[in-house]
Amino acid sequence: MTFGLVQSASASQHLQWFKEFCYYERLTGGPDPHMRAVVALCAGLPLQEQLWRAHLYVGVYNVPTAELLWREFPRFHSDEDSYEERFHTWLQRHWSQLRLRRERRTVKSPLRLTQYLMGMSKVSMRLPELRSADFETLWNFALSLPHVGRYAATKLCEIWQRLGAVQSHVPDIRPVDGWSPRAALRLLFPRAKHDEHDAKFAAQANELAAELKRQQPQLTWFELEVMLCEYKESILTRRQ
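Overview of the structure.

Thresholds, definitions, all that
- Residues numbered from 1 in each chain as written.
- Predicted model: local features only at pLDDT ≥ 70, side-chain atom pairs only at ≥ 80, totals over all residues.
- Heavy atoms only, no water.
- 1 Å grid on protein atoms, 1.4 Å probe; cavity = no way out; pocket = protein on both sides within 12 Å on 5 of 7 lines; lining within 4 Å.
- Points joined across faces, edges and corners; volume = space filled by probe spheres on them.
- Helix = DSSP H or I, 4+ residues; strand = E, 2+ residues; numbered from the N terminus.
- Nonpolar A, V, L, I, M, F, W, Y, C, P; charged D, E, K, R; others polar.
- Patch = residues over 30% accessible without salt bridge, like charges linked within 9 Å, V, L, I, M, F, W, Y side chains within 5 Å.
- Areas by Shrake-Rupley, 256 points an atom, 1.4 Å probe, with all protein chains shown as cover.
- Salt bridge = Lys/Arg side-chain N within 4 Å of Asp/Glu carboxyl O.
- Buried < 20%, exposed > 50% of the residue type's maximum accessible area, 1.4 Å probe, protein only.
- Core = buried A, V, L, I, M, F, W, Y, C linked by side-chain atoms within 4.5 Å.
- Contact = heavy atoms within 4.5 Å.
- Polar contact = N/O pair within 3.5 Å; in protein donor to acceptor, adjacent residues only side chain to side chain.
- Phe/Tyr/Trp six-rings, centres within 6.5 Å; stacked < 30°, edge-to-face > 60°.

By volume, the largest pocket amounts to about 740 Å³. Considering the residues around the largest pocket, the lining is formed by 30 residues, among which Arg102, Glu103, Tyr151, Ser180 and Cys229 are closest to the centre. Looking at the lining of the largest pocket, the elements that each hand over two or more residues are helix H3 (33-42), helix H10 (150-162), helix H11 (179-188) and helix H13 (221-237). With 6 residues, the top contributor of residues to the lining of the largest pocket is H13. Here the residues of the lining of the largest pocket are counted per class, giving 9 nonpolar, 6 polar and 15 charged.

Laid out in structure tokens, this is it:
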């Protein structure tokens with residue numbers, strides 16, 4: 001497929017390509033098959049250990065790096081005065097060997113990653129009471145954690161739900177600051193007045209996403225949001 005063909009593609013063509021993209025992505029275990037792997041690795045572990053392993057994974061968004069961190073620090077000990085210092089020192093020593101996904105650029109220093117990981121103490125304290133909370137309460141809690149923005153908050157809420165730690169599901173594509181899935185929507189619905197960088201179009205983005213979800217009922221809202229991001233990356237930048 002040439003870039004010129006992509007540039008000239010109609011909305012109906014993009015809708016067909018998106019449908020095919022979702023079909024084949026699901027055949028390979030997607031979207032986010034690595035999250036499925038982490039959930040499987042957590043099976044049988046005590047809940048607090050599952051939450052810690054999930055926290056490590058979302059922090060770096062790379063399964064092998066998260067596994068290495070978990071093997072070095074298999075328990076979270078917030079009650080130890082030296083724990084944060086030990087973690088920071090270890091990260092400084094091994095930083096060049098660690099691989100983080102570019103989406104987690106907010107933690108791309110030993111200090112920032114340490115600060116994010118120490119947010120686990122807040123997760124340990126609050127998640128039990130948030131088990132049956134509505135999603136907006138859960139979402140705001142995730143966003144309150146150190147170095148967690150929209151991207152990481154979405155992943156945290158989803159993996160908590162998959163682990164059974166909370167009951168609320170992602171209810172939409174989280175359109176505020178979600179320029180990537182909204183850019184994909186602009187390809188699929190070019191006639192709609194829509195600017196993916198303007199917050200005032202967030203509600204419209206959710207309406208368009210709801211229309212798309214009616215065409216793809218097998219997808220959860222989380223999966224739809226990820227599929228939109230990955231389709232945009234695949235069709236425009238070929239990084240996916």
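A surface patch of nonpolar side chains, amounting to about 380 Å² of accessible area, comprises Tyr23, Tyr24 and Leu27. Tracing the backbone shows Tyr23 in helix H2 (residues 11-27). Of the residues examined, Tyr23 reaches a relative accessible area of 49% and is grouped as partly exposed.

Let's shift gears to the nonpolar core. Of all hydrophobic cores here, the largest spans 71 residues; its most connected members are Trp52, Phe87, Leu127 and Trp160. Ranked by residue count, the leading element in this core is H13, at 8 residues. Once residues lying within four places of it in the same chain are set aside, the contact partners of Leu127 are Leu51, Leu138, Phe141, Trp160, Ala165 and Val166.

So, about the environment of Arg53. On the secondary structure map, Arg53 appears in helix H4 (residues 47-60). Residue Arg53 is classed as buried on the basis of its relative accessible area, which comes to 7%. Considered as a pair, Arg53 and Leu27 are 26 residues apart in the sequence and their alpha carbons are 26 Å apart. Residues in contact with Arg53, not counting those within four places in the same chain, are Leu41, Cys42, Leu45, Glu67 and Trp70. Of note is the side chain of Arg53, whose polar atom sits 3.1 Å from the backbone oxygen of Leu41.

Another aspect to go through is the packing of aromatic side chains. Following the criterion strictly, the structure yields 14 aromatic pairs and no others. Where Phe73 meets Phe87, the ring centres are 4.0 Å apart and the plane angle is 15°; that geometry is what we call stacked. On the criterion of sequence distance, the pair formed by Phe73 in the loop between helix H5 (63-72) and helix H6 (83-94) and Phe87 in helix H6 is long-range, its members being 14 residues apart. Each residue in the set Trp52, Phe73, Phe76, Tyr83, Phe87 and Trp90 is aromatic and connected to the rest through ring pairs, giving one cluster.

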